[in-house]
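A look at the structure
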Amino acid sequence: KIGRRMRGLTFAGRVLLGGSALAVGAAHALSGSRLAHAQPPAAAMRMSAANPLLDRSFFPRFADVRAEHVAPALDAALAEASARLDSLEAEVEVEIAAGRTPSYALLADGIELLEECYAGPWRTVSHLKATKDCEALRDAHAAAQPKVVEFDSRLGQSRALYRGWERLQADGAAWAALTPAQQRVAELQILGAQLKGIALDGERKARFNEIEQELAALSTRFSNNLLDSVKSFSLRLDKAEQVAGLPPSARAMLATSARTKGDADASAEKGPWLVTLDQPSLMAVLRFAEDRALRETVYRAYITRASELASNVPPAERAAQDNGPLIDRVLALRAERAALLGRASHAEVSVASKMATVDGARALLEQLLERSLGAARAEHVALCDFAGVELRQWDIALHAEKLKTANFQFDEEAVRQYLPLEAVLNGLFALVERLFGVAIAQVEPEAVGAQVWDASVRLLEVKRDGEPAAYIFVDPYARGGEKRGGAWMSQVRQRSRALSVDGGRTPCLPVAHIVTNQAPPTVDADGREVPSLMSFTECRTLFHETGHALQHVLTQVDEGHVSGIAGVEWDAVEQPSQWMENWLDQPAPLRGLARH
Ligand SMILES: [Zn+2]
């Protein structure tokens, strides 16, 4: 999975900051620009020292950011972006009025520079909300989001910029002088504006912008409800028979969880054990717990999260957390937005910027159904025969695990002890070095002027020909209650010529996040830390997200709007991640990462 983009429809939102590996201040980054209008207002400059979100050093100051920084930072950042947009539009209008074609640099670099003002701070806020959520940050995010969405719409609907791009595309000589990457930027800007409602006027435009606001707010509420629902469930077990079947690694994980919630003496052997809906905890119970009632309780709590049936919250509180009505509302708004854009459905809007077609996607689903349904039914019958009982949903993972062990002598839990995180990372680095000719190593964040938002986060440095070429943050462990579930890669910085800090000699370097929710380290009976032992599935997830991160950071493209994962069709973007996963099925890479 890849993190949601800032400007979902325009492609242009993944914006980055100037800077080499060493911290470079905002004044340098911006005064180095060739663009006369690229001077930040004095107010923003004064605040940047005090407000970490306005500090334009190469690495965001993740550890320093507090909720109270969000509102003043975004207000200043959006004011600056707005002033830049005003002067950029004026410059483009002057060119057009004089019968000249606005240059690519004027348009592309101007847009990248103004986007960088607010998209950088906003990405940091969104990232912290996804990995370090708390009430105060949530409120600050909710208060700032409408302003960000409003500016996104204004930028996407800029008639002056749109005319500028159209003019450039229509000017044969100017167009032919562009590189393919630059032509792609122009095409994406034009398409992005169309999908942002550039053709709309008056009431229809106002309604479109209202819909954009409401959809953004609904999306935030949806994930807040989900996180709250996960947070409101935990089950403290204190009898050994309740954890019967759970392997030692899972008991250690649940005991560590109990320790962090106040049971200072919790141990893997004697308990108590705390079950949560975090992925590693959930899967341990569903796959191994012999206690059927326990599996049912946990399964029901998970499957009814944030719904009107939520079994883990009192009935009186269900309505507030229920995502059902939100889904209906999102679907209605998407359909209305599609109609405003003159498209037949939201699906048509969605594929407008993808490789797939609606018919192609439907045909693929039909084909998958046809090919897999028979096999799935046969497997289910075989599983029922093997289990000897009628299987309910909370029985399937347990018996599938047993069947797998019986048929293939494969025990994923036994495999974990060969896959400690450090060994897996080292094997992964070796593979990447062999495949791509770059060197990857963990570095101390402080050594390169970086900060992390949690002590467990690692920073990787990618070197090409001995020189730093990119950085990747890795946030590996589940942290229930403050970190979203699942796994994703998102961008911190984009490789970009326009945001170069040395007059274009070297581009700004790319930086990526890899976030997963794997089993955290545990503590043994003697109080010693046992490293995170990965399942093969967790390795696959890490490889997958690494594939995304590599596409982002190994790019050689210098146009920020299409470098790395920017501008790649959102369905095609899954290809490098799938390829990376496939290496895990090869004996040599696997041997490279297994240790004991
Ligand atoms: Zn993916």
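Just so we're clear, the structure is a prediction, and the values are computed from it rather than from any experiment. (Residues numbered from 1 in each chain as written. Predicted model: local features only at pLDDT ≥ 70, side-chain atom pairs only at ≥ 80, totals over all residues. Heavy atoms only, no water.)

1. Here we look at the overall build of the protein
Helices and strands together make up the secondary structure of the protein, namely 22 helices and nine strands. Computed over its C-alpha atoms, the radius of gyration of the protein comes to 26 Å, within 12% of the 25 Å expected for a compact globule of 596 residues. In terms of overall dimensions, the protein has a C-alpha envelope of 80 × 50 × 45 Å along the principal axes. Buried residues in the protein amount to 52% of all 596 residues. Contacts spanning at least 24 positions in sequence make up 71% of the contacts within the protein whose residues lie at least 6 apart. (Helix = DSSP H or I, 4+ residues; strand = E, 2+ residues; numbered from the N terminus. Rg over C-alpha atoms; globule rule 2.2 N^0.38 Å. Buried < 20%, exposed > 50% of the residue type's maximum accessible area, 1.4 Å probe, protein only. Contact = heavy atoms within 4.5 Å.)

2. Some details on the pairing of strand β6 (residues 488-493)
With six of six residues buried, β6 lies mostly within the body of the structure. As defined by bridge partners, β6 adjoins strand β7 (residues 511-518) across five bridges and the pair is classed as antiparallel. Note on β7: the bridge partner recorded for Ser 490 is His 513. (Pairing = 2+ DSSP bridges.)

3. Things to note about the state of the cysteines
A full pass over the atoms with the stated rule returns zero disulfides. In this structure Cys 117 is not part of a disulfide, and its nearest cysteine sulfur, from Cys 508, lies 14 Å away. Given a relative accessible area of 1%, Cys 117 falls into the buried group. (Disulfide = S-S within 2.5 Å.)

4. Some remarks on the pattern of salt bridges
Scanning the entire structure with this criterion turns up 46 salt bridges. Note that Lys 132 is salt-bridged to Asp 454, the shortest N-O span being 2.9 Å. Highlighted residues: Lys 132 in the loop between α4 (104-131) and α5 (135-156) and Asp 454 in the loop between β3 (439-443) and β4 (458-464), separated in sequence by 322 residues. On the basis of relative accessible area, Lys 132 is assigned to the partly exposed category, the value being 26%. Residue class for Asp 454 comes out buried when judged on its relative accessible area of 16%. A salt bridge links Asp 585 to Arg 540; the nearest nitrogen and oxygen atoms lie 2.8 Å apart. Taken as a pair, Asp 585 in the loop between α21 (574-582) and α22 (587-593) and Arg 540 in helix α20 (residues 536-553) lie far apart in primary sequence, 45 residues in all. For Arg 540, a relative accessible area of 24% puts it in the partly exposed group. Among the ionic contacts, a cluster of salt bridges with common partners joins Lys 132, Asp 454, Asp 475, Arg 479, Glu 482 and Lys 483. (Salt bridge = Lys/Arg side-chain N within 4 Å of Asp/Glu carboxyl O.)

5. What to know about the UniProt feature "coiled-coil region" (unreviewed entry) in the protein
According to UniProt, the feature "coiled-coil region" (unreviewed entry) maps to residues 71-98 in the numbering used here. The span residues 71-98 is 96% helical and 0% strand by assignment, and the distance between its end C-alpha atoms comes to 41 Å. (UniProt positions renumbered as here; feature names shortened; annotations may be inferred.)

6. Quick notes on a nonpolar patch on the surface
On the surface, Phe 222, Ile 327 and Leu 331 cluster together into a nonpolar patch covering about 250 Å² of accessible area. For Leu 331, the position within the fold is in helix α14 (residues 324-340). (Patch = residues over 30% accessible without salt bridge, like charges linked within 9 Å, V, L, I, M, F, W, Y side chains within 5 Å. Areas by Shrake-Rupley, 256 points an atom, 1.4 Å probe, with all protein chains shown as cover.)

7. Remarks on the domain arrangement of the protein
Taken domain by domain, the protein consists of domain 1 (26-219), domain 2 (233-312), domain 3 (341-410) and domain 4 (416-593). If you average the C-alpha positions of domain 1 and of domain 3, the two centres end up 40 Å apart. Between domain 1 and domain 3 lies a buried interface of about 390 Å² when both sides are counted; carbon and sulfur atoms form 76% of it. Here domain 1 and domain 3 share zero salt bridges between them. Connecting domain 1 to domain 3 are zero residue pairs in polar contact (both at pLDDT 80 or more). Residue composition of the side of domain 1 that touches domain 3, by class: three nonpolar, two polar and no charged. (Domains from an automatic or database assignment. Buried area = accessible area lost by both parts, 1.4 Å probe. Polar contact = N/O pair within 3.5 Å; in protein donor to acceptor, adjacent residues only side chain to side chain. Nonpolar A, V, L, I, M, F, W, Y, C, P; charged D, E, K, R; others polar.)

8. Looking at helix α3 (residues 67-97)
End to end, α3 covers 45 Å across 31 residues, agreeing with the expected 45 Å (1.5 Å per residue, within 8%). Phi turns positive one or two residues past the end of α3, at Gly 99, with a value near 75 degrees. (Expected span 1.5 Å × (residues − 1).)

9. Focus on the sheet that holds β4
Strand order in the open sheet made by the five strands is β3-β4-β5-β7-β6, with mixed pairing throughout. Unpaired on one side and paired on the other, β3 and β6 mark the two borders of the sheet. Between one strand axis and the next, the sheet turns through 25 degrees on average, direction left out of account. With seven bridges joining them, β4 and strand β5 (residues 467-477) adopt antiparallel strand pairing. Paired with Glu 461 across the strands is Tyr 471, a residue of β5. The sheet strands contacting α20 are β5, β6 and β7, and the helix crosses β7 at an angle near 170 degrees. (Axes fitted to C-alpha atoms, helices over the stretch in contact; angles between N-to-C directions.)

10. Comments concerning the UniProt feature "domain: Peptidase M3A/M3B catalytic" (unreviewed entry) in the protein
UniProt marks residues 289-596 with the feature "domain: Peptidase M3A/M3B catalytic" (unreviewed entry), using the numbering shown here. Spanning residues 289-596, this segment combines 46% helix with 13% strand, and its end C-alpha atoms are found 26 Å apart.

11. Observations concerning the side chain of Glu 545
Relative to the helices and strands, Glu 545 is located in helix α20. For Glu 545, a relative accessible area of 3% puts it in the buried group. A polar contact is formed between the side chain of Glu 545 and the backbone nitrogen of Met 489, at a distance of 3.2 Å.

12. So, the environment of Ala 335
With respect to the secondary-structure elements, Ala 335 resides in helix α14. Assessed through its relative accessible area of 42%, Ala 335 is described here as partly exposed. Separated by 271 residues in sequence, Ala 335 and Asp 64 have C-alpha atoms that sit 41 Å apart.

13. Topic: the nonpolar core
Phe 59, Trp 165 and Phe 473 are the most contacted members of the largest nonpolar core, which totals 61 residues. Counting residues per element, the ones that place at least two in this core are α3, α4, α5, α6 (159-170), α8 (180-195) and β5. Counting 33 residues, the second-largest nonpolar core is a separate cluster that includes Leu 421, Ile 472, Val 573 and Met 580. (Core = buried A, V, L, I, M, F, W, Y, C linked by side-chain atoms within 4.5 Å.)

14. What to know about α14
In a regular helix each residue adds 1.5 Å, so 17 residues correspond to 24 Å; α14 covers 25 Å between its end C-alpha atoms and thus fits that length. Taken together, the buried positions of α14 are occupied by Leu 326, Val 330, Leu 333, Arg 337, Ala 338 and Leu 340. All buried residues of α14 lie within an arc of 150 degrees about the axis, which places them on one face of the element. In α14, the exposed positions angled more than 90 degrees off the buried face are occupied by Asp 328 and Ala 339. Here the buried face of α14 lies against α9 (202-231) and α15 (346-351). Remark: Gly 342 follows α14 within two positions and exhibits a positive phi of approximately 75 degrees. (Arc of directions from axis to C-beta.)

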